[in-house]
There are 2 protein chains.
Amino acid sequence: MKTRDKILLASLELFNEQGERNVTTNHIAANLAISPGNLYYHFRNKSDIIYEIFQEYEKLVDFYLDIPENRPMTLADMTFYLESVFDGLWSYRFFHRDLEYLLDRDPRLRKDYREFTNRCLASISLIFEKLADSGIIEPQPESLRAAMSLNVWLVITNWMAFLKTAHAEQASACLTLRELKQGIYQVLTLEIPYLTPAYREQVLELREKYRPTMPEQEGEQEAPVN
Amino acid sequence: MKTRDKILLASLELFNEQGERNVTTNHIAANLAISPGNLYYHFRNKSDIIYEIFQEYEKLVDFYLDIPENRPMTLADMTFYLESVFDGLWSYRFFHRDLEYLLDRDPRLRKDYREFTNRCLASISLIFEKLADSGIIEPQPESLRAAMSLNVWLVITNWMAFLKTAHAEQASACLTLRELKQGIYQVLTLEIPYLTPAYREQVLELREKYRPTMPEQEGEQEAPVN
DNA sequence: GACTACCTAGAGTATATACTCTAATAATAC
DNA sequence: GTATTATTAGAGTATATACTCTAGGTAGTC
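All residue numbers refer to positions counted from 1 along the written sequence of the respective chain. Ligands are numbered from 1 and chains lettered from A, in the order in which they are written. Reporting in this predicted model follows two pLDDT cut-offs: at least 70 for local features of residues, and 80 or more for side-chain atom pairs to be given and counted; totals over whole chains, interfaces and linings ignore these cut-offs and use all residues. Only heavy atoms go into the side-chain values, all of them from the structure, while hydrogens and water stay out.

Draft legend 1. Highlighting the overall build of chain A. When its secondary structure is counted, chain A shows 12 helices and zero strands. When the helices and strands of chain A are read in sequence order from the N terminus, they spell out α-α-α-α-α-α-α-α-α-α-α-α. If one aligns the C-alpha atoms of chain A with their principal axes, the spans along those axes are about 60 × 55 × 30 Å. Residue exposure (1.4 Å probe, protein chains only): buried if accessible area is under 20% of the type maximum, exposed if over 50%, otherwise partly exposed. Burial statistics for chain A: of 226 residues in total, 55% are counted as buried. Residues are treated as being in contact if the distance between any of their heavy atoms lies within 4.5 Å. Across chain A, the fraction of contacts at a sequence separation of at least 24, relative to all contacts at a separation of at least 6, is 70%. Calculation of accessible area relied on Shrake-Rupley with a 1.4 Å probe; when residues are assessed, cover is drawn exclusively from the protein chains displayed. Here chain A has roughly 10400 Å² of accessible surface; of this, 53% comes from carbon and sulfur atoms. A run of H or I in DSSP becomes a helix once it reaches four residues, and a run of E becomes a strand once it reaches two; helices and strands are each numbered from the N terminus.

Draft legend 2. Quick peek at the relation of the copies chain B and chain A. Least-squares superposition of the copies uses the C-alpha atoms of those residues scoring a pLDDT of at least 70 in each of them. When chain B is fitted onto chain A, the two copies agree to an RMSD of 0.0 Å after a turn of 180° and an axial shift of 0.0 Å. The superposition operator between the copies reduces to a two-fold rotation axis. Residue by residue, 100% of the interface of chain B is reproduced at the interface of chain A, so both copies engage with the same surface.

Draft legend 3. Quick peek at the protein's contact with DNA strand D. In the vicinity of DNA strand D, 16 residues are found, and the nearest of them are T24(A), T3(B), S35(B), Y41(B) and H42(B). Near, as used in this document, describes a residue that has one of its heavy atoms within 4 Å of the molecule or strand being considered. Of everything in DNA strand D that lies within 4 Å of the protein, sugar and phosphate atoms constitute 64%. N or O atoms within 3.5 Å of each other form a polar contact, as long as, within protein, one can give a hydrogen and the other can take it, and as long as residues adjacent in sequence are counted only when both atoms are side-chain atoms. S35(B) is positioned with one of its backbone polar atoms (N or O) 2.9 Å from a phosphate oxygen of DNA strand D. Counting residues per element, the ones that place at least two in the surface near DNA strand D are α2 (25-32) and α3 (36-42) of chain A together with α3 (36-42) of chain B. At four residues, α3(B) tops the list of elements feeding residues into the surface near DNA strand D.

Draft legend 4. Focus on the UniProt feature "DNA-binding region" (unreviewed entry) in chain A. UniProt positions are given in the numbering used here, feature names are shortened, and annotations may be inferred rather than shown by experiment. The UniProt record annotates "DNA-binding region" (unreviewed entry) at residues 24-43 of chain A. Annotated as 75% helix and 0% strand, the span residues 24-43 of chain A places its first and last C-alpha atoms 14 Å apart.

Draft legend 5. Region of the structure containing the packing of helix α8 (residues 107-133) of chain A against helix α9 (residues 142-166) of chain A. Residue and element names in this part refer to chain A. Only the stretch in contact is used when a helix axis is fitted, and all axes are lines through C-alpha atoms; the angle between N-to-C directions ranges over 0 to 180 degrees. In contact at an axis separation of 9 Å, α8 and α9 are set at 120° when each is read in the N-to-C sense. As far as their axial angle goes, α9 and α8 are oblique. Considering the relative orientation of α8 and α9, their crossing is right-handed. Note on element contacts: α9 touches α8 through R145, M148, S149, L150, V152 and W153, opposite Y113, F116, T117, C120, L121, I124, S125, F128 and E129. Should an angle fall under 35 degrees it is called roughly parallel, over 145 degrees roughly antiparallel, and 65 to 115 degrees roughly perpendicular, with every other angle called oblique. In this scheme the crossing of two helices becomes right-handed for a clockwise turn of the near helix relative to the far one and left-handed for an anticlockwise turn of less than a right angle.

Draft legend 6. Looking closely at the interface of chain B and chain A. Taken together, the contact between chain B and chain A spans 53 residues of the former and 53 residues of the latter. Defined here as a combined quantity, buried area equals the accessible surface (1.4 Å probe) lost by two parts on assembly, summed across both. Counting each side, the surface lost to burial between chain B and chain A is near 4800 Å², with a carbon and sulfur contribution of 51%. The three residues of chain B that bury the most area against chain A are R21(B), E100(B) and R114(B), which together make up 17% of that side's buried surface. Within this document, salt bridges are pairs made up of a side-chain nitrogen of Lys or Arg and a carboxyl oxygen of Asp or Glu, the two lying within 4 Å of each other. Seen at the junction of chain B and chain A, the total is six salt bridges. With a closest N to O distance of 3.1 Å, E100(A) and K164(B) form a salt bridge.

Draft legend 7. Quick peek at the domain arrangement of chain A. All names here are of chain A. We note that the domain assignment places domain 1 (1-43) and domain 2 (46-209) within chain A. Segment limits for the domains were obtained from an automatic or database-derived domain assignment. Taken over C-alpha atoms, the centre of domain 1 sits 28 Å from the centre of domain 2. Every contact between the two is made by 18 residues of domain 1 and, on the other side, 17 residues of domain 2. Here domain 1 packs against domain 2, burying approximately 1500 Å² in sum over the two surfaces, 61% of which is carbon and sulfur. Connecting domain 1 to domain 2 are two salt bridges. E52 serves as the salt-bridge partner of R4, at 2.2 Å between the closest nitrogen and oxygen.

Draft legend 8. Spotlight on the nonpolar core. For this analysis, a nonpolar core means a set of buried residues of the types Ala, Val, Leu, Ile, Met, Phe, Trp, Tyr and Cys, connected via side-chain atoms within 4.5 Å. In terms of nonpolar packing, the biggest core is built from 148 residues, with F95(A), W153(A), F95(B) and W153(B) touching the most fellow members. In this view, W153(A) contacts Y113(A), F116(A), T117(A), C120(A), L121(A), I124(A) and F162(B); residues no more than four positions away in its chain are not counted.

Draft legend 9. Looking closely at empty space enclosed by the protein. Method remark: on a 1 Å grid restricted to protein atoms, a set of points is classed as a cavity if a 1.4 Å probe fits but cannot get out and as a pocket if it is open with protein on both sides within 12 Å along at least five of seven lines; lining residues have an atom within 4 Å of a point. Grid points are joined across faces, edges and corners, and a volume is the space filled by probe spheres set on the points. Summed over all chains, the structure comprises six cavities of 30 Å³ or more. Taken together, 34 residues make up the lining of the largest cavity; nearest its centre are N158(A), A161(A), H96(B), N158(B) and A161(B). Looking at the lining of the largest cavity, the elements that each hand over two or more residues are α6 (93-97), α7 (99-105) and α9 of chain A together with α6 (93-97), α7 (99-105), α8 (107-133) and α9 (142-166) of chain B. The leading source of residues in the lining of the largest cavity is α9(A), at nine residues. Side-chain classes follow a simple rule in which Ala, Val, Leu, Ile, Met, Phe, Trp, Tyr, Cys and Pro form the nonpolar group, Asp, Glu, Lys and Arg form the charged group, and the remainder, Gly included, forms the polar group. When its residues are assigned to classes, the lining of the largest cavity shows 15 nonpolar, nine polar and 10 charged. The calculated volume of the second largest cavity comes to roughly 240 Å³. In this structure, the second largest cavity is lined by 18 residues; those nearest its centre are V85(A), I124(A), I127(A), V152(A) and I156(A). When residues of the lining of the second largest cavity are traced back to their parent elements, those giving at least two are α4 (46-64), α5 (75-91), α8, α9 and α11 (183-191) of chain A. Its residues placed into classes, the lining of the second largest cavity shows 17 nonpolar, no polar and one charged.

Structure follows, in structure tokens:
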């Protein structure tokens, strides 16, 4: 693999594990056993590395959320979208953690992320629309759909932060993809009241599969050590 | 005012304006025209300043979310809770921005914040319960109420981050309390399907008051300059 | 073999930042 | 008034971090 790609890969891994703020360019170089000079030969600065990683993320999610216009949407489709989005969140999980700081630092990123958000919101809204077309959820006026989509987005993008802050131990270490996907439970919670009788039970069953196993919100009870 | 209190006040203000990450202890001292030594006489380190500010925040929200058990809940109560929580978010808005980093840095804060979250979730759930008692929303099983409360929490705590990232300009400068309170619109959106016919119109009217004036999600249209 | 384009090492630098240390000054107690 | 305690100034430090610079190696081509 080319050094340039190795740098991107190692950066992503370190960022995800330790947070962008805690990973220096020197760390990245050391991790790859290359010199800082070498790293800066391939990237002008740290921002450029982050920007390029973001573009990968963007591309991935855009790919997942490309809604086919020519056929009705099934429950399986919806599940796929949800699973995919959370997979994406997981793979680039460092990004949402330090989002505001990163956007303040890099105007390119701010602009791109803003457009990315709008595309995602549009996709979510389209999904709702097509779910209504398929008779899975009741159709809703456009304005409500927009507000609902925004809520879905807020839940999705904030779920990981919630998990990390709800954990007793340090955030980075103990978080699994499985736990992250319990966010799907929360998203489906939003849909419940809009489900048609025909699909209600099916979706509720699907939702159960993502029900948190560990009691997340009842944090008072620490795990007994002995 | 005592120097100690001035430090807390100036720190909060600077943190809110520029983000904790961008405000150094030297900045705080300079802002107050005192010496760094003086600052460190009053606080052992930066973490202690942040921790103390958090405790103020906690106290404030706990005060707001103290639900009276002995009387039914009115729409006015609900409005008050929503307004208050967003006021609190505004006054201590730096906190949620760098939350994960702060919690990683200070175990006390992690523990306290975790318990704080649980108290808030319990309050939200209690509010739903009492709203059902008052016939404002339909009663729901406890498990659904818990999931709904968590969604409300996610929307509330992530709304500001969304606003900042949706803005085209740098985050810190252009954000008003008024815009922040449009988050109430999103929270009320979550309630819509559960409203009883008797209160539906009233709540929808209330919700309209918080409807975003500027088109937030249609970011493509930049303001025409000429 | 020599030219070129690409790649790499590693020491080094400017700047920032959290924090310390000493000494001096103000406030208070007796 | 004097002893003590609380407060303050301000220079200074250890460490970190993003990034630079120079020199040299490697691979392919003719």
